[in-house]
Amino acid sequence: MNSHAFAALAHIPILVLPVGPIPRAAFEKYAAEIRTFDSIRLGDIPAGMKDERARFMPNPLSSGHLYLSYPSHPSPPRHMSLSLFRPSHFTLGIIGVAACSSSYSITSALEQFENTVLDISPEGSTFPLAKVCFAFEDEESARSTGLGNTLPGIVSIPSVMGNKKIYIGTLLADLCSHILAELGRVYHVLESPVGNEYLNSTLFPTLPSPSEMPLSLSSGNLGYPSYSSQPELDSSGLIAPGVQIKRSSTAAPGISHTTSFTQRQSTLSPQVVRKRASAVGAVSSHGRLYKILGDFFLLAGRTEDASLWYAEAIVLFKTGQDPVWHASVLEGMATVFVLDAWSAGQGLQSSVSNNGVKEPWADIYEQLSQAIALYHKAPVPSDLSQDHSLLALTYCTAVLRQTSLLFCTWSTKGWGALAFASMLQPGSTSYTQKMTSDSSWTNLERINIVSGVSRSQIANTVSQAHGPWLLHLDPHERLTILQSMASIYSSLGYRRKEAFILREVISCIMDLIVCGREENNLLRKSDIGSAGVGSRSENSDEMSIVGKGAVGVRQNEILEGNQSILKLLVRACKVLGIDLEAVCVAKVTDGTSSEVGSGDNSSSAVDDLDASTDVAKESFGWPELQVGVIREAIAVAEALPAPDPLAVARISLSALKTMHFVLASSDQYHLYQTAGRALAAMRRRGDAPAVEYWAVNPIMSITLLPLPLHRLPIENQFSILTATLSATDSLLSGIIDPFLYNPRRSSGPQSKNLVVQGEPIELTITLRNPYVFDLEIQSISLSTTGVEFESSPISALVIPPNTLYPITIIGTAKTRGTLVFRGCIIEAPWGAPREFLLPVPTDADQNLLARRQSAVKCESGRTKYWGLDSRPWEKDGRRLSALLPSLKKPPQFLQCFVVPEQPLLRIRWTSLTHGAVMLYNGEESIIRLTLENISALPIDFLRLSFEDSTIGPAQEALSEGELSVFETYETEFDLLHRKAFSWRNEKEITNILPNQKVVLAVTCVGKVGCAHGTVHISYSYSQANREHEEQVPASEVFYTRQLSYPVTVTVYHMLECHDLSLMPMIDVDYDDISHRAGNSVIHFLPDDDPEEWCLFAIDVRNTYGLPFEVTFERDQIGTKSAAVSSTVPPGSMTRVMLPVKKFRLSDDQISQPIPTLSDRQFVVGKSKLSIEEEQAQRELFWYREELLKIVSARWKETNGDRHGDLSLRQQRLTLPMLKALRTDVMQVDLMLIMDSPDGSPQELNYSRGKYIASPNEMLYLRVEVANSSLSPLVMALDLIFDPADQVLSEGVSSNIAIGKLVPDETKAVEVPLCFLCTGRFEIGAEVRIMGALKDSRAGTSRICISVREDG
């Protein structure tokens, strides 16, 4: 059936056919005008017939309608048995549409129309009952068409007619009048005894042939022969032996439903039924006849008469002898009820829902349920498969009619005018499609409540049509039934049931295709056999070809309809969680490029980057079922009338792309090979690549390989061309920031990727293959924007299974600017290229991605999604993670900045062997490097910097800030003033021309702890001439290259200094040091006042296997330079002594804080120092620094020429040493004086640091005190004698008042004394400042006296 409208039993089917060479557009236009008439008022039907043909004619003033339908195809011949059971199933009228012109006359149109009707009408068929041809005039040849000629069976419609629609309506009414007349003649035959016998002979009877009629009418033409395609049925001989029709109702069957109208039918006189020997139904019931009479009245629009005869038929069918016809009567009564309701409520503007106890459509539903039950349990009286097929067809039709009742009521929100309109003419309103277009669960449930009909009730009703009886149907009827069921499920929102039915629809279509192909092959073979080309064997159906060769014939492939089948396949698979359109079709056919940016690149990225995230998708559906469906889909695509290799390839590749994680190895291999065969078939046909790259995104990462260090450009400011680079900038670069934490430095710009114009660069692309087979890639190239980039794509690449595969692409940037690497363009064999973008995520992107992944993992398994919302692509949009904010910034890609061309240096020769140097600690060596400019650009900027293994640990210690102030100063001093490498001739080389060679001399100093170092040579062609230097902006940059030369350093630590000591010279025992000193220090002892000198002593140990000569020099202002030397044997220690004159630093100098060489902010130490302790620390630091300036040391091999410096900075100064080195505030001098024979004072003999005196001799101790400060002081003197009991002195020995001394004033105090015995005596003097609270001692002095008898 073409239509399963609820009121199809009341429709008069009219077939519209094209006649002659009419253009398709013209035919569609005229046919559309005809199909606008879906109903005709009964009052518009012309009357005028007086015989049996007037039985079903309406009264002139009738208010009903005649309903029309326009099927697209005539009924198949196999349904001829239903001609009396279901007359509305057949074409009752045919309208031909012809376009007449000067070349195509009306006569030709009529002739061709008659031939067409004969071709489509089966032999012996009762239908069509009437036919007519509409000949439309061509506007260009209106005068020469011959439309003025009047021929029976064709109606001309001039082109000059203004309103053709009214005229067409009149012609349709005239056609319907003749159809109703022919229905009367048909019934007249059936009410005869012979007709009644035929009517009750089989389950689905047909009209008797004219040859079996006893008599024939001789009236000939009864007035309208041209409208019938069958011979006239004469009824003159059937009047006498009429049939007695009995009714249980009081009203006659021929009375019109309008009481004012006259009766149009003749009264049926009672007749005696005559039996025929061959008849089986002579004494049968008249229930079938009454049922047919009701059907004809229903077609004629006379519902009241139809209901009366249906009631009569039901009374006769209640015996249960004829359940099939009984069920058909119930269907007709349900249709009558709806038509009456439509006529009564046609003025309603909206649907009405009855909220009472019983719905208004409940009676109709019960009648249809009873009819379905009768169809289901009806026995088939014969074993003919035709009866089984027709009975199954009527059963399924009844189920669909009942479903249509519920669905129209549900979709129109209740029982009312809209429901009637949709049941009467489903295609006349789009309200149903509008209401069901919103398939959301909320909308569907709302319709359930409003309409009073649930979706489950509709689904349960339509499911009755699905069962084993479908196998009895012909493929066409089965396809129609399944198609209607799928449409109902789709409108109800039951996608899974729709997919289940669609799979059967596709199976039915493929059965038709296969059967048609086999029939075509048999027909072709029979044609060949009849032509004598081949002969068929007797025992086989195969044809043996006679002759030495045969001609292969390729059939014409028809692609029409293939895409529709594939769309059904895709829709069914979508519901099962299978995306057969995951692999896109290429937008171009030239095979060189494809549209960039398909669906999966935009999430990603972005989706995505979405996307493009790499979050694992949750599985959906049963993998076993999905794999089976995929195999079915491939089989369908391969079995199409014209096999579509593109569809086969897309299905196979889409399955590999979306389901490879659940596919077994064998399935992956099978799908890959199937796709390969399909693509190879396309290639053989000469088709262009039709599918894009099908696999998952194979790009894992794109990495720009760093340039070699000697080719890497470094960005610099133009200001360094004129600025002098200090040592602090290079050595203390890691700690140059004066702040321990600088947030601006941490938020600074990231380092740029710099490449050089015209020089090759390398990029590493990491590819992945998640499949179990070798993944072939025809070509892969880079996708770039910005400056021009030239690279060669990689071809014929094979990635091993389940591996990561890195490749390298080399390219060159042609111009200066920014180069952006968006991703890669990948092309599979015989496929179209596709671009895959690979953005570089920022910190914000990574944080958002982490939040999304965390949200997805948190939601996974905790939320149950309803129905098909659990599919991965549906579930993602409903997650709470989808509510997270998305980045509005465009994705960032790998970028690099192309700098101008740069010169290139190389080291041609060095003075080192294998880049190694061996030194003693403190030794210097010259390293000569020969450089050559191998580029075409000159070099006008050259600068050297150095690194060694001692810089890193020192910088790290300084950065930690755990060192004391003194240790920090020593560390920085060691970095700045004891560098392992240095370039002392910086100005001797300014330019290096192309192909020129220059020699650099680098000084290397042995430094303990230095194991290796590097010489960095920075150079550039700045392009900034000195005469244009003022025009260069300060912010402009230029680029340098750095050439590095590593040096392996071996430093031997051979001499160590220990136990530094400073003692006053007055305390030195000359006899003792004469044998302890390892040098000639005794010759450097001062001859003047020993109070002004101190003795510098230090131990030097030789840890090496060779002897070394060490030399200590004294270079002090106010004294002569002195140097002492000593040879230190291997493994021994020598003490070196050197006199140093005392000195005193100013208070301003010693009050300064310990400086920092890097101007770095320091953290206050953990141990708090008092003011006195901090002042003492500063004083020790500054006196030590002054001492190291005075005393220096060097060494020399005893038997060689190697020499170097010996560092003394590891020695610390203590407070006793400070007292011995520092000159006091008050200078105190002690002298022993005796009276000479002439009475004048004379100083005692002083030798070897002591006075020589005799016992019991009167002496005078003279104490001279000099104020060397800048302020006047009041002083007191204390004398100390040791041993005091053997010294006899005059006066007191303590608190001897000296008085006030102004600056540079000297006072003397004399004290008489006498030594009472011989021996060694010491006399000390201490000067104190009167009134000082702390540290009142201002000066001290001490002398030694040797008292002996010979003194």
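In the block above lies the structure referred to throughout.
Quick look at the structure, then.

Calculation rules
- Per-chain numbering applies: the sequence of each chain, read as written, is numbered from 1 onward.
- Local features are withheld for residues below a pLDDT of 70 in this predicted model, meaning they are given only at 70 or higher, and side-chain atom pairs are given and counted only at 80 or more; totals for whole chains, interfaces and linings count all residues.
- The side-chain figures draw on all heavy atoms in the structure; neither hydrogens nor water molecules are used.
- Here a helix means four or more residues in a row that DSSP labels H or I, a strand means two or more in a row labelled E, and each is numbered from the N terminus.
- Working definition: with a 1.4 Å probe on protein chains only, accessible area under 20% of the residue-type maximum means buried, over 50% means exposed, and in between means partly exposed.
- All accessible-area figures derive from a Shrake-Rupley calculation using a 1.4 Å probe, and residue coverage is judged against the displayed protein chains alone.
- Paired strands, in this sense, are two strands between which DSSP finds at least two bridges.
- Throughout, an axis means a line fitted to C-alpha atoms (over the contacting stretch in the case of helices), and angles, computed between N-to-C directions, take values from 0 to 180 degrees.
- Here, nonpolar core refers to any group of buried Ala, Val, Leu, Ile, Met, Phe, Trp, Tyr and Cys residues whose side-chain atoms link them within 4.5 Å.
- Note on contacts: a residue pair qualifies if any of its non-hydrogen atoms lie within 4.5 Å across the two residues.
- Between the rings of Phe, Tyr and Trp (Trp by its six-membered ring), a pair exists once the centres lie within 6.5 Å; its type follows the angle of the planes, with under 30 degrees stacked, over 60 edge-to-face, and the other angles tilted.
- Remark: a charge is flagged as sitting over a ring if the NZ atom of Lys or the CZ atom of Arg is within 6 Å of the ring centre and within 35 degrees of the ring normal.
- Counting of polar contacts relies on pairs of N or O atoms within 3.5 Å, with two restrictions inside protein: one atom must be capable of donating a hydrogen and the other of accepting it, and residues adjacent in sequence are counted only when both atoms are side-chain atoms.
- Just so you know how the angles are binned, under 35 degrees is roughly parallel, over 145 roughly antiparallel, 65 to 115 roughly perpendicular, and the rest oblique.
- Here a crossing is called left-handed whenever its near helix is offset anticlockwise from the far helix by less than a right angle, and right-handed whenever the offset is clockwise.
- Each residue is assigned to one of three groups, with Ala, Val, Leu, Ile, Met, Phe, Trp, Tyr, Cys and Pro labelled nonpolar, Asp, Glu, Lys and Arg labelled charged, and all others, Gly among them, labelled polar.
- Residues with no salt bridge and a relative accessible area higher than 30% make up the patches, which join like charges within 9 Å and nonpolar side chains (Val, Leu, Ile, Met, Phe, Trp, Tyr) within 5 Å.
- For salt bridges, the criterion is a side-chain nitrogen of Lys or Arg within 4 Å of an Asp or Glu carboxyl oxygen.

Some details on the overall build of the protein chain
Logical step 1: A count of helices and strands for the protein chain gives 29 helices and 48 strands.
Logical step 2: In the protein chain, which comprises 1351 residues, the share counted as buried stands at 48%.
Logical step 3: Summed over its atoms, the accessible surface of the protein chain is roughly 65,900 Å², and 53% of this surface lies on carbon and sulfur atoms.

A short note on the sheet that holds strand β42 (residues 1258–1267)
Logical step 1: With respect to topology, 5 strands assemble into an open sheet ordered β39-β38-β42-β46-β44, the strand pairing being antiparallel. Looking at which strands have only one partner, the edges of the open sheet turn out to be β39 (1241–1243) and β44 (1287–1289). Strand-to-strand, the axes of this sheet are offset by a mean angle of 40 degrees, without reference to chain direction.
Logical step 2: When strand β38 (residues 1226–1235) meets β42, the two strands line up antiparallel, connected through 8 bridges. Its bridge partner lying in β42, V1228 is registered against V1265.

Quick look at the nonpolar core
Logical step 1: Among the nonpolar cores identified, the biggest contains 213 residues, and F134, W694, I699, I765 and I780 are the most heavily contacted of them.
Logical step 2: Excluding residues within four positions of it along the chain, I699 makes contact with I765, T766, L767, I780, C824, I826, F836 and L838.

Topic: the pairing of strand β25 (residues 924–933)
Logical step 1: For strand β23 (residues 905–910) and β25, the ladder comprises 5 bridges, and the chain directions are antiparallel. Bridge pairing in β25 places L905 opposite N933.
Logical step 2: Pairing analysis gives 9 bridges linking β25 to strand β28 (residues 997–1005), with the strands arranged antiparallel. Looking across to β28, one finds that S925 is bridged to C1004.

Details of the packing of aromatic side chains
Logical step 1: Evaluated as defined, the whole model comprises 39 aromatic pairs.
Logical step 2: An angle of 85 degrees between the planes, with centres 6.2 Å apart, marks the rings of F966 and F1181 as edge-to-face. Of the two residues, F966 is situated in helix α25 (residues 965–977) and F1181 in helix α28 (residues 1171–1190); the sequence distance between them amounts to 215 residues. Across this residue pair, the class does not change: F966 and F1181 are buried.
Logical step 3: Between F1108 and W1195, the aromatic rings sit 5.6 Å apart at their centres with planes inclined by 90 degrees, giving edge-to-face as the arrangement. In this pair, F1108 sits in strand β33 (residues 1108–1114) while W1195 sits in strand β36 (residues 1191–1197), placing the two residues 87 residues apart along the sequence. Residue F1108 shares its accessibility class with W1195, and that shared class is buried.
Logical step 4: Among the aromatic side chains, those forming a connected cluster through ring pairs are Y669, Y672, Y693, W694, Y771, F773 and F836.
Logical step 5: Against the face of F85 rests K291, its NZ or CZ located 4.5 Å from the ring centre.

Concerning the environment of Y1019
Logical step 1: Structurally, Y1019 can be placed in strand β29 (residues 1012–1020).
Logical step 2: With a relative accessible area of 0%, Y1019 lands in the buried category.
Logical step 3: For the pair formed by Y1019 and R1041, sequence separation is 22 residues and the distance between their alpha carbons is 5.5 Å.
Logical step 4: Residues contacting Y1019, with those up to four places away along its chain left out, are H710, P903, L904, L905, I939, F941, L942, T1040, R1041, Q1042 and L1043.
Logical step 5: A polar atom in the side chain of Y1019 sits 3.0 Å from the backbone nitrogen of L905.

Here we look at unusual backbone geometry
Logical step 1: Following D1282, the chain continues into P1283 via a peptide bond in cis, with omega recorded as -5 degrees.
Logical step 2: Its location among the elements puts P1283 in the loop between β43 (1273–1282) and β44.
Logical step 3: Phi is positive for N995, which is not a glycine, with a value near 65 degrees.
Logical step 4: As for its position among the elements, N995 is in the loop between β27 (981–982) and β28.
Logical step 5: We classify N995 as exposed; its relative accessible area is 59%.
Logical step 6: Of note in this structure, D1304 is not a glycine but carries a positive phi near 70 degrees.
Logical step 7: With respect to the secondary-structure elements, D1304 resides in the loop between β45 (1296–1301) and β46 (1306–1315).
Logical step 8: The exposed category is assigned to D1304, whose relative accessible area is 68%.

Overview of the packing of helix α5 (residues 287–299) against helix α6 (residues 303–317)
Relative placement of two packed helices is described by the angle separating their axes and the distance separating the axes.
Logical step 1: Their axes nearest at 8 Å, the elements α5 and α6 cross at an angle of 160 degrees. With respect to their mutual orientation, α5 and α6 come out roughly antiparallel. Judged by the twist between their axes, the crossing of α5 over α6 is left-handed. Contacts from G287, R288, Y290, K291, L293, G294, D295, F297 and L298 of α5 reach α6 at D305, A306, W309, Y310, E312, A313, L316 and F317.
Logical step 2: Tallied by class, residues from the contact of α5 with α6 come to 10 nonpolar, 2 polar and 5 charged.

Observations concerning a nonpolar patch on the surface
Logical step 1: On the surface, L709, L712 and I714 cluster together to form a nonpolar patch covering roughly 250 Å² of accessible area.
Logical step 2: Looking at where I714 falls in the secondary structure, it is placed in strand β13 (residues 713–717).
Logical step 3: Using a relative accessible area of 30% as the deciding quantity, one classes I714 as partly exposed.

What about the sheet that holds strand β19 (residues 803–813)?
Logical step 1: What the 4 strands build is an open sheet, ordered β12-β15-β19-β17; its pairing is antiparallel. Each end of this open sheet is capped by a strand with a single partner; those strands are β12 (699–704) and β17 (789–791). Going from strand to strand, the sheet's axes swing by 30 degrees on average, the running direction of each strand aside.
Logical step 2: As judged from the 10 bridges shared by strand β15 (residues 760–769) and β19, these two strands associate in the antiparallel manner. Looking at β19, one finds that L763 is bridged to I809.

Concerning the pattern of salt bridges
Logical step 1: Inspection of every chain in the model, using the stated rule, returns 44 salt bridges.
Logical step 2: Here R1041 and E759 are joined by a salt bridge, their closest N and O atoms 2.5 Å apart. Residue R1041 is found in strand β30 (residues 1037–1052), and its partner E759 is found in the loop between β14 (754–756) and β15; the two are separated by 282 residues along the sequence.
Logical step 3: Note on R1041: relative accessible area 1%, which makes it buried.
Logical step 4: Several salt bridges converge on common partners, so that one network encompasses E970, R1184, E1185 and R1209.

Considering the packing of helix α17 (residues 623–638) against helix α18 (residues 645–659)
Logical step 1: With their axes 8 Å apart at the nearest point, α17 and α18 run at an angle of 165 degrees to one another. Taken together, the axis directions place α17 and α18 in an arrangement best described as roughly antiparallel. Classified by chirality, the crossing of α18 by α17 is left-handed. Packed against α17, whose contacting residues are Q626, I630, A633, I634, A637 and E638, the element α18 presents A647, V648, I651, S652, A655 and M659 at the interface.
Logical step 2: A class-by-class count of the residues in the contact of α17 with α18 yields 9 nonpolar, 2 polar and 1 charged.

Side note on the environment of A419
Logical step 1: With respect to the helices, strands and loops of the structure, A419 is situated in helix α10 (residues 417–424).
Logical step 2: Not counting residues within four places of it along the chain, the set of residues in contact with A419 comprises C408, T409, T412 and G414.

Considering the pairing of strand β22 (residues 894–899)
Logical step 1: Bridge count between β14 and β22: 3 bridges; the pairing is parallel. Bridge pairing in β22 places L754 opposite F897.
Logical step 2: Where strand β20 (residues 817–827) and β22 come together, 5 bridges link them in antiparallel fashion. Each bridged residue has a counterpart across the sheet, and for G817 the counterpart in β22 is V898.

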